[in-house]
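Residue-level listing of the chains:
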Amino acid sequence: MKYEISGTGGRTVELVLGDITRQETDAIVNAANSGLRGGAGVDGAIHRAGGPGVMKECRELGGCPTGSACITTAGRLKAKFVIHAVGPIWSGGGSNEAGLLAGAYRTSLDLAKKHGLSSISFPSISTGAYRYPLEQAAPIALETVEDHLKGDTSVSRVVFVLFNQATFDAYAAAMAELQVG
Ligand code: AR6
């Protein structure tokens, strides 16, 4: 599923079902924790596929604030960079989770722009171990990406790599809403 952002000269957002570690975009985004210590889910998969060099760089960075993102090289992955984004842990919605989730996406895109990258892949940040409700997270993710693509940026292609059908369906529904609205 592909969505072209109007008025941007052909910049696109794509939804695919799959494994982000296999993506060949310039950067892939990790759903990390604020200690950049590695973990389960997409974080575990990225460190396994990228090799120990990625973790070494994460240790040197020492951590990354929630709602923000930090960048390393990508080791053995096909991408050139891994952007480690730290989404919020869901705790009911009253702790600025929405602002922090948007911040994780926005900072990732700003880092891609800073490095002159043209393509970037995201997983569904915070909707696994961090339990952010999928139906609320998907529109935040897509709207934040759309805002970035409408501005001055090197990024022309954003891919959401969604790991299961339920996640794909939630993003597809949110994308349909955006196209109508
Ligand atoms: N490719 C794409 N998406 C994936 C992959 C993959 N290979 N593997 C899992 N997902 P989660 P969070 C999906 O839990 O909620 C870690 O331990 C998964 O199905 O990875 O932000 C970190 O170290 C879900 O849709 O990230 C943190 O401590 C989405 O990725 C914590 O979990 C995010 O699920 C972060 O939790």
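For the structure, check the block above.
Keep in mind that this is a model prediction, so the values were computed, not measured.

**Q** Residues and numbers for the site of the ligand, please.
**A** Around the ligand there are 23 residues in total, and Ala40, Asp43, Ser126, Gly128 and Ala129 lie nearest to it. In this structure, an oxygen atom belonging to the ligand sits 2.8 Å away from a main-chain N or O atom of Gly128. When the free accessible area of the ligand is taken as 710 Å², the share hidden by the protein chains comes to 89%. Tallied by class, residues from the shell around the ligand come to 10 nonpolar, 11 polar and two charged.

**Q** Go over the packing of helix H3 (residues 97–114) against helix H4 (residues 134–149) with me, naming the residues and quoting the values.
**A** Two numbers describe how H3 lies on H4: the axes approach to 9 Å, and their chain directions differ by 35 degrees. As for how H3 packs across H4, the hand of that crossing is right-handed. Residue-level inspection shows Ala98, Leu101, Ala102, Tyr105, Arg106, Leu109, Asp110 and Lys113 of H3 in contact with H4, the latter providing Ala137, Ile140, Ala141, Thr144, Val145 and His148.

About the thresholds
- Residue numbers here run from 1 along each chain, matching the order of that chain's written sequence.
- With pLDDT at 70 or above as the cut-off, local features in this predicted model cover only qualifying residues; side-chain atom pairs require 80 or more to be listed or tallied, and sums for whole chains, interfaces and linings still use all residues.
- Only hydrogens and water are set aside; all other atoms, that is, all heavy atoms of the structure, feed into the side-chain values.
- One heavy atom suffices: a residue is near a molecule or strand as soon as one of its heavy atoms comes within 4 Å of it.
- Within 3.5 Å is the distance limit for a polar contact, defined as a pair of N or O atoms, with the added protein rule that one can donate a hydrogen and the other accept it, and that residues adjacent in sequence qualify only through two side-chain atoms.
- For every accessible area listed, the method is Shrake-Rupley and the probe measures 1.4 Å; residues are considered covered only by the protein chains on display.
- Amino acid classes used here: Ala, Val, Leu, Ile, Met, Phe, Trp, Tyr, Cys and Pro are nonpolar; Asp, Glu, Lys and Arg are charged; the rest, including Gly, are polar.
- Angles here are taken between N-to-C directions and fall from 0 to 180 degrees, while the axes themselves are lines fitted to C-alpha atoms, restricted in helices to the stretch in contact.
- Under the scheme used here, helices are H or I runs from DSSP no shorter than 4 residues and strands are E runs no shorter than 2 residues, and both carry numbers assigned from the N terminus.
- Crossing handedness is read from the near helix: turned anticlockwise from the far helix by less than a right angle, it gives a left-handed crossing, and turned clockwise, a right-handed one.
- In this description, contact between two residues means that some pair of their heavy atoms is separated by no more than 4.5 Å.

On their own, these measurements won't tell you what the molecule is for.
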